[in-house]
Amino acid sequence: NHTCMAELFERLLQQYDVIRKRNAFVDVYKREPKFANSLDEFDDARNTVQTLIDEYQACERDDYVNFGIKRKEEEEATQQQQQQQH
C-alpha cells in the first residue's frame, strides 16, 4: 500500500471523464440490457474510485485518524439535505 496510488487513480478518472464527456464507446454498452436505460453503474463506479482517491490522500495527512468520522458526518448531512428536498 503506497499513497502514490492516488495519482494513478486520479489519472484513471481524468481519462474516464474525457471518454464519458465525449460519450465514446457508450453505444457498445447501451446495447446490453443492463445498460440500455442508464449508465448509472459507471457513475457509481467513478464515485467509488473518487472515494478511494480521497482516502489515499487522507492517509498522507496528520488527521487521517479522523477521516472516517468526517466522511460519515458529510454523508449524514447530505442525506438530511436530500430528505428535506423531498
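To start, this report covers the structure provided alongside it. (Residues numbered from 1 in each chain as written. Predicted model: local features only at pLDDT ≥ 70, side-chain atom pairs only at ≥ 80, totals over all residues. Heavy atoms only, no water.)

**Concerning the nonpolar core**
As a rule of thumb, soluble globular proteins bury nonpolar side chains together. What counts here: Take the buried Ala, Val, Leu, Ile, Met, Phe, Trp, Tyr and Cys residues and link them wherever side-chain atoms come within 4.5 Å; each set so joined is a nonpolar core. Whether a residue is buried, partly exposed or exposed follows from its accessible area with a 1.4 Å probe, protein chains only, as a fraction of its type maximum: under 20%, in between, or over 50%, in that order. We count a stretch as a helix when DSSP gives it H or I for four or more residues in a row; a strand needs E for two or more, and each element gets its number in order from the N terminus. Contacts are assigned to residue pairs that have any heavy atoms within 4.5 Å of one another.
Counting 6 residues, the largest nonpolar core consists of Ala6, Phe9, Leu13, Val49, Ile53 and Tyr56. Elements with a contribution of two residues or more to this core: α1 (5-22) and α3 (40-59). For Phe9, the residues in contact, after removing those within four places along its chain, are Val49, Leu52, Ile53 and Tyr56.

**Some points on the layout of surface pockets**
Cut-off, in case you're wondering: Using only the protein atoms, space was sampled on a 1 Å grid; points where a 1.4 Å probe fits but cannot get out form cavities, open sets with protein on both sides within 12 Å along at least five of seven lines form pockets, and lining residues are those with an atom within 4 Å of a point. Grid points are joined across faces, edges and corners, and a volume is the space filled by probe spheres set on the points. Note on residue categories: nonpolar means Ala, Val, Leu, Ile, Met, Phe, Trp, Tyr, Cys or Pro, charged means Asp, Glu, Lys or Arg, and polar means any other residue, Gly included.
Quantified by volume, the largest pocket comes out at close to 250 Å³. Residue lining of the largest pocket: 14 residues in total, with Tyr16, Ile19, Arg20, Tyr29 and Phe42 positioned closest to the centre. Taken together, the elements giving at least two residues each to the lining of the largest pocket come down to α1, α2 (26-30) and α3. A per-class count over the lining of the largest pocket returns 12 nonpolar, no polar and 2 charged.

**With respect to α3**
Stated precisely, the cut-off is as follows: One less than the number of residues in a helix, times 1.5 Å, gives the span that helix is expected to have.
Spanning 20 residues, α3 covers 29 Å between terminal C-alpha atoms, matching the ideal 28 Å at 1.5 Å per step. Buried within α3 are the following residues: Val49, Ile53, Tyr56 and Ala58. Looking at the packing, one finds that the buried side of α3 touches α1 and α4 (67-85).

**Here's the deal with the packing of α1 against α3**
A pair of packed helices is captured by two measures, namely the crossing angle of their axes and the spacing between those axes. Heads up, the condition is: The convention used is that axes are lines fitted to C-alpha atoms, helices contributing only their stretch in contact, and that angles between N-to-C directions extend from 0 to 180 degrees. Any angle that is under 35 degrees is reported as roughly parallel, and any over 145 degrees as roughly antiparallel; angles of 65 to 115 degrees are reported as roughly perpendicular and all others as oblique. Left-handed describes a crossing whose near helix is turned anticlockwise from the far helix by less than a right angle; the clockwise case is right-handed.
Relative to each other, α1 and α3 sit at 155 degrees, their axes nearing to 9 Å. Put simply, α1 runs roughly antiparallel to α3. Our pair here, α1 against α3, has a crossing hand that is left-handed. On the side of α1, the interface is formed by Met5, Ala6, Phe9, Glu10, Leu13, Tyr16, Asp17 and Arg20, while α3 contributes Phe42, Asp43, Arg46, Val49, Gln50, Leu52, Ile53, Tyr56 and Gln57. Taken together, the residues that form the contact of α1 with α3 break down as 10 nonpolar, 2 polar and 5 charged.

**Quick look at the pattern of salt bridges**
Threshold: Note on definitions: salt bridges are taken to be side-chain nitrogens of Lys or Arg within 4 Å of carboxyl oxygens of Asp or Glu.
All told, the structure shown has 5 salt bridges when counted by the stated rule. In this structure, the salt-bridge partner of Arg31 is Asp27, at a minimum N-O distance of 3.5 Å. For Asp27, a relative accessible area of 47% puts it in the partly exposed group. One salt bridge connects Lys34 with Glu41, and the closest N-O pair in it is separated by 3.6 Å.

**Section: α1**
Heads up, the condition is: Throughout, the arc means the angular range of directions from the helix axis out to the C-beta atoms.
The end-to-end C-alpha distance of α1, which contains 18 residues, comes to 26 Å, matching closely the 26 Å that a straight helix rising 1.5 Å per residue would cover. What α1 keeps buried is the set Ala6, Phe9, Leu13 and Tyr16. Across the axial projection of α1, the buried residues extend over an arc of 85 degrees, all falling on one side. Summarising the geometry of α1, the exposed residues directed more than 90 degrees from the buried face are Gln14, Gln15 and Arg22. Buried residues along α1 sit against α3. Where α1 ends, the next residue or the one after it, Asn23, has phi of about 55 degrees, a positive value.

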